[in-house]
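Single-letter residue listing:
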Amino acid sequence: MSEEIIPDVPVTSDVLENEEPAVNYSALSLAELAEMFQKLAVSEDRMKRSKEAEAVKSAFYKRLLKEKAEAGSTTDVQEPGGTEEDVTEQEESSAEEQSAAAGTVSENPFDEIERGFKALYNAYRKEKAEYNRQQEKEREHNLELKQAVIADLKALVEKQEDVNATFPAFREIQNRWRTIGPVPVQSFRNLNDTYQLYVEQFYDMVKINRELRDLDFKKNLEVKEKFCEAAEKLAEKENVVEAFKELQKLHEQWKEYGPVAKQFREDIWNRFKAATSVINKKYQAYFEGQKEQYAENLAAKTKLCEQVEAIAEKEIRSSGEWNDSTKEIEDIQKQWKGIGYASKKENQKIYERFRAACDKFFERKREFYSAYKDEMNENLQKKIALCEEAEALKTSTAWKKTTDQLINLQKQWKEIGAVPRKKSEALWKRFRAACDEFFNERDKQARPENDFYGNLKAKKHLIEEINAYVLSDDDDANAEAAQDFAAKWQSIGFVPFKEKDKIAAAYRDAMNSKFPDVSRRSRGHAPKNEKERLVQKYLKKEQDIVTYENNIGFFAASKNSEPLIRQMQERIDKAKAELKELELQIIALDSAENEK
C-alpha cells in the first residue's frame, strides 16, 4: 500500500504567510528602518530572511521619497535593484562612484542616509548572492550523490544475489541516502519517486531472508509508531500553527523509512492519517476563525477611517476647535491600536487609508498654526507699538486730549487679535500700567468740569435712590421709574478708572433687585403696550452693556483673552447704537402721547 500523505487542508504560500501578520514598516522612520536592516544583516539567519530584507528596503525608499518631497529636495532617489547576477557589477560601480565622490561631502542629509543604507543593502545582496550560489552548487552536488545512490540501488536490485550478501549493502545505501542534503526543487519528486520504486522492488523482488526482513519491518514499525505518538501529541497542542509545521516535518521523516509488515501497514497508516486529520481540521478551523476576525477588524478600522476623514474635511477656524479635533483624532488612534490586524491583502491598504486621513488633518493643522503664528507675531508688534504710544503719553498733563488718545489706544488694543501666550500677560500689564499711571494722576488733578470723584459720588447717590425707591402697584409707573434711573445713570460722566467695574456692578445689582418685575418681563413676559416693550428692551440693552463692560475687566486678567475682549467690545458698540435708537423711539412715543 502506498503511504502518500494528502493533508485535509492544502498548504499554500498565502496560508503560511498569514500565520503572522507582517511588520508595518511604513510606520517606521528612516533611522529605524536603517537600524532594522543593519541588525538583520548581521543576524545568524540573515540568509533565510531575504524577503524581510526586501520589504525593509522597499519601505526605506518609499519613506525616503516621501520625506524628500516634503522637504522640497530635488535629489533623485535611485533604489538598488537588479538580479543577483548583477550584484558584483553593481558593487564595483558603486565603489567607483564612492571613490569619485570621496572628496565631496554632501550637504543634503538625505544623501548621507541613503548612501549608508545603500552600502548596507549592497553588501547584504552580495553576500546573499554568494550564499545562493553556494547553496545551488551544493544542491547540484547532492543531486549527483543521490543519483549515484540510485544507480547503486538499481544495480543491487538487478543482481538478485543472496540476501545475506545484498542486505547489508542495501542498508548502507539507505544510510547514504538519508545523510545527503537537499537537491534542486525541480528534481526532488522524480528523484524521490525513483528511489522509492527501487526500494519497493528490493523488498518485493529480492528473495530476502525472512528473519532479516522481519527485523527490518519491526524497526520500521517501531519508528512509525513513534511518529504516530508524536502526531497524536501534536493534535493536543494549543498553538495550531506550530503543530501544523511540526506535522509537515513528521510527514517528511515518515517517507524516509521503508514499509512495515503487511498485516500492520494499513493500521499504522490509518493511525498516522487520523492524527494528521485532527491537526488539519484544527488548522482549517483556526484560519476560518482568523478570516472572521480579520473581517471584523477591517470593518472596525474602516469605521475609524471614515471618522478621521470626516474630521480632516470639516472646517475648523479657531485654536480651541483644533485642540478639540486633535483630541478626537488621538482617541481614534488609541482605538485603532486596540484593534487587531485585517487580512494580509487588506491590512496595508486600510492602514494607508487611515494614515493618509491622519496626515491630512495634521497637515491642515500645521498650516493653520503657521498662519496663526504669523498673525500673532504681527499682533505682537502692533501691541508693542501701542505700549510705546501709551508710555509716551502717561506723563502728559493735557488731561482731556490725552484721555481721548488713551481711550482710542484701548479700543485699538481690543481690536487687535491674539499674541503669543508667553508675551500676552506681560504685554497687557505693560500697557495697562502706562494707562493707569496717567489716569491715576489725572484723577488726582481733576477739575470741576472733569470731576471723576464727583461723578463717582453721584452714581453712589443714585444707587442709594434706587435702593430707597418704593415700588408702586402700577407696573407702568415702576417701568417708567426704572427708565428714569437708567437715564440718570447714563447722564453722569466718567468715574475714576479703578472704580469703574465696581460701581457698574453695584448699579446692576440695585436695578435687578429693585425692579425684578421689569427684569422678568424683559426676559420673556409680554409687555402691555409698545412703550413698555421699548422700555423693557432699553433696560435690557443697558444691562447688557454693563455686563459686557464688566466682562472686559475680567477677561483682561486672563491669558489669550484678546479675541474675547474684541468680541465684547463689538457687542458694546452695537448695543450702544441700539440703545440710542430705542431712546429716540421712546421719545417719539412720548411726544405722540402728549399731543393726544
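Let's shift gears to the overall build of the protein chain. Helices and strands together make up the secondary structure of the protein chain, namely 20 helices and zero strands. Long-range contacts, defined here as pairs at least 24 residues apart, represent 79% of the contacts in the protein chain between residues at least 6 apart.

Turning our attention to the pattern of salt bridges. Applying the stated criterion to the full structure yields 29 salt bridges. A salt bridge links Arg-271 to Glu-232; the nearest nitrogen and oxygen atoms lie 2.8 Å apart. Of this pair, Arg-271 sits in helix H10 (residues 262–313) while Glu-232 sits in helix H8 (residues 210–234), and the two are 39 residues apart along the sequence. Taking the relative accessible area as the measure of exposure, Arg-271 reaches 30% and is therefore partly exposed. Taken together, the shared-partner salt bridges in this structure form one network comprising Asp-45, Arg-49 and Glu-52.

Let us look at a negative patch on the surface. On the surface, a cluster of negative charge is contributed by Asp-473, Asp-474, Asp-476, Glu-480 and Asp-484. Here Asp-484 is to be found in helix H16 (residues 475–491).

Turning next to helix H13 (residues 399–415). With 17 residues, H13 ought to run about 24 Å at 1.5 Å a step, and its terminal C-alpha atoms sit 24 Å apart, in line with that. Regarding H13, the residues found buried are Trp-399, Thr-402, Thr-403, Leu-406, Leu-409, Gln-410, Trp-413 and Lys-414. Taken end-on, H13 shows its buried residues confined to a sector of 140°, consistent with a single buried face. Turned more than 90 degrees away from the buried face of H13 sit Lys-400, Lys-401 and Glu-415, all of them exposed.

Inspection of the secondary structure assignment puts Thr-326 in helix H11 (residues 319–338). What makes Thr-326 buried here is its relative accessible area of 8%. For Thr-326, the contacting residues outside a window of four places in its chain are Phe-361, Phe-362 and Lys-365.

Our focus in this paragraph is the environment of Ala-310. Relative to the elements of secondary structure, Ala-310 occurs in helix H10. On the basis of relative accessibility, which here comes to 46%, the residue Ala-310 falls in the partly exposed class. In this structure the C-alpha to C-alpha distance between Ala-310 and Ala-357, which are 47 residues apart in sequence, comes to 8.8 Å.

This next bit is on the packing of aromatic side chains. The geometry of an aromatic ring pair is captured by the separation of the ring centres together with the interplanar angle, meaning the angle of the planes. According to the stated counting rule, one finds 26 aromatic pairs in the structure shown. Residues Phe-227 and Tyr-257 carry aromatic rings whose centres are separated by 6.0 Å and whose planes lie at 70° to one another, so their mutual orientation is edge-to-face. Placement of the pair is Phe-227 in helix H8 and Tyr-257 in the loop between helix H9 (240–256) and H10, with a sequence separation of 30 residues. Overall, the relative accessible area of 9% leaves Phe-227 in the buried class. Judged by relative accessible area, Tyr-257 falls into the partly exposed class, the value being 27%. A network of ring pairs unites the aromatic residues Phe-37, Phe-60, Tyr-61, Phe-117, Tyr-121 and Tyr-124 as a single cluster. Positioned above the aromatic ring of Phe-217 is the side chain of Arg-265, whose terminal nitrogen or guanidinium carbon lies 5.7 Å from the ring centre. Between the NZ or CZ atom of Lys-459 and the centre of the ring of Trp-489, over which it lies, the distance is 4.4 Å.

Before going further, it helps to spend a moment on the environment of Ile-416. By the secondary structure assignment, Ile-416 is in the loop between H13 and helix H14 (421–444). Taking C-alpha positions, Ile-416 is 9.0 Å from Leu-380, a pair spaced 36 residues apart along the chain.

Turning next to the packing of helix H3 (residues 50–71) against helix H5 (residues 109–159). At their nearest, the axes of H3 and H5 sit 12 Å apart, and the two run at 165° to each other. Judged on the interaxial angle alone, H5 and H3 are roughly antiparallel. Handedness of the H3/H5 crossing: left-handed. Taken together, the residues of H5 that come into contact with H3 (itself represented by Ser-50, Ala-53, Glu-54, Val-56, Lys-57, Phe-60, Tyr-61, Leu-64, Glu-67, Lys-68 and Ala-71) are Phe-110, Asp-111, Ile-113, Glu-114, Phe-117, Lys-118, Tyr-121, Tyr-124 and Lys-128.

Next up on the list: helix H17 (residues 500–514). If you check H17, its first and last C-alpha atoms are 21 Å apart, about what 15 residues at 1.5 Å a residue would give, namely 21 Å. Those residues of H17 not exposed but buried are Ile-503, Ala-504, Ala-505, Tyr-507, Ala-510, Met-511 and Lys-514.

Glancing now at the packing of H10 against H11. It is at 10 Å that the axes of H10 and H11 come closest, and there the two elements cross at 165°. One way to sum up the angle between H10 and H11 is to call them roughly antiparallel. Considering the relative orientation of H10 and H11, their crossing is left-handed. When H10 is examined against H11, the residues Lys-301, Leu-304, Cys-305, Gln-307, Val-308 and Ile-311 are found in contact with a partner set consisting of Ser-325, Glu-328, Ile-329, Ile-332, Gln-335 and Trp-336. Tallied by class, the residues present in the contact of H10 with H11 amount to seven nonpolar, three polar and two charged.

Tracing the sequence through the fold places Asn-512 in helix H17. For Asn-512, a relative accessible area of 30% corresponds to the partly exposed category. Taking the C-alpha atoms as reference points, Asn-512 and Gln-543, separated by 31 residues in sequence, lie 9.1 Å from one another.

So, about the confidence of the model for the protein chain. Mean pLDDT for the protein chain: 78, with 81% of residues reaching 70 or above. A low-confidence stretch, residues 1–21 stays under pLDDT 50, and its non-local contacts, those more than four residues away or across chains, total 36 contacts. Low confidence marks residues 83–105, where pLDDT is under 50. Its contacts with residues over four positions away, or in another chain, come to 16 contacts.

This next bit is on the nonpolar core. Formed by 31 residues in total, the largest nonpolar core has its most connected members in Ile-466, Tyr-507, Met-511 and Phe-515. Where this core is concerned, the elements lending two or more residues are helix H15 (452–468), H16, H17, helix H19 (530–555) and helix H20 (562–595). Looking at which element gives the most residues to this core, the answer is H19, with seven residues. The next biggest cluster of nonpolar side chains, apart from the first, holds 20 residues, and it includes Leu-143, Phe-170, Val-199 and Tyr-203.

This part covers the state of the cysteines. Scanning the entire structure with this criterion turns up zero disulfides. Between Cys-358, a free cysteine, and Cys-305, which holds the nearest cysteine sulfur, the sulfur-to-sulfur gap is 8.0 Å. With relative accessibility at 4%, the residue Cys-358 sits in the buried group. Counting only cysteine sulfurs, Cys-435 is the nearest neighbor of Cys-387, a cysteine outside any disulfide, at a range of 8.5 Å.

Cut-off values and rules
- Residues numbered from 1 in each chain as written.
- Predicted model: local features only at pLDDT ≥ 70, side-chain atom pairs only at ≥ 80, totals over all residues.
- Heavy atoms only, no water.
- Helix = DSSP H or I, 4+ residues; strand = E, 2+ residues; numbered from the N terminus.
- Contact = heavy atoms within 4.5 Å.
- Salt bridge = Lys/Arg side-chain N within 4 Å of Asp/Glu carboxyl O.
- Buried < 20%, exposed > 50% of the residue type's maximum accessible area, 1.4 Å probe, protein only.
- Patch = residues over 30% accessible without salt bridge, like charges linked within 9 Å, V, L, I, M, F, W, Y side chains within 5 Å.
- Areas by Shrake-Rupley, 256 points an atom, 1.4 Å probe, with all protein chains shown as cover.
- Lys, Arg positive; Asp, Glu negative; His and termini not counted.
- Charge placed at Lys NZ, Arg CZ, Asp CG, Glu CD.
- Expected span 1.5 Å × (residues − 1).
- Arc of directions from axis to C-beta.
- Phe/Tyr/Trp six-rings, centres within 6.5 Å; stacked < 30°, edge-to-face > 60°.
- Lys NZ or Arg CZ within 6 Å of the ring centre and 35° of its normal.
- Axes fitted to C-alpha atoms, helices over the stretch in contact; angles between N-to-C directions.
- Parallel < 35°, antiparallel > 145°, perpendicular 65-115°, else oblique.
- Left-handed = near helix turned anticlockwise from the far one by under 90°.
- Nonpolar A, V, L, I, M, F, W, Y, C, P; charged D, E, K, R; others polar.
- pLDDT = per-residue confidence, 0-100.
- Core = buried A, V, L, I, M, F, W, Y, C linked by side-chain atoms within 4.5 Å.
- Disulfide = S-S within 2.5 Å.

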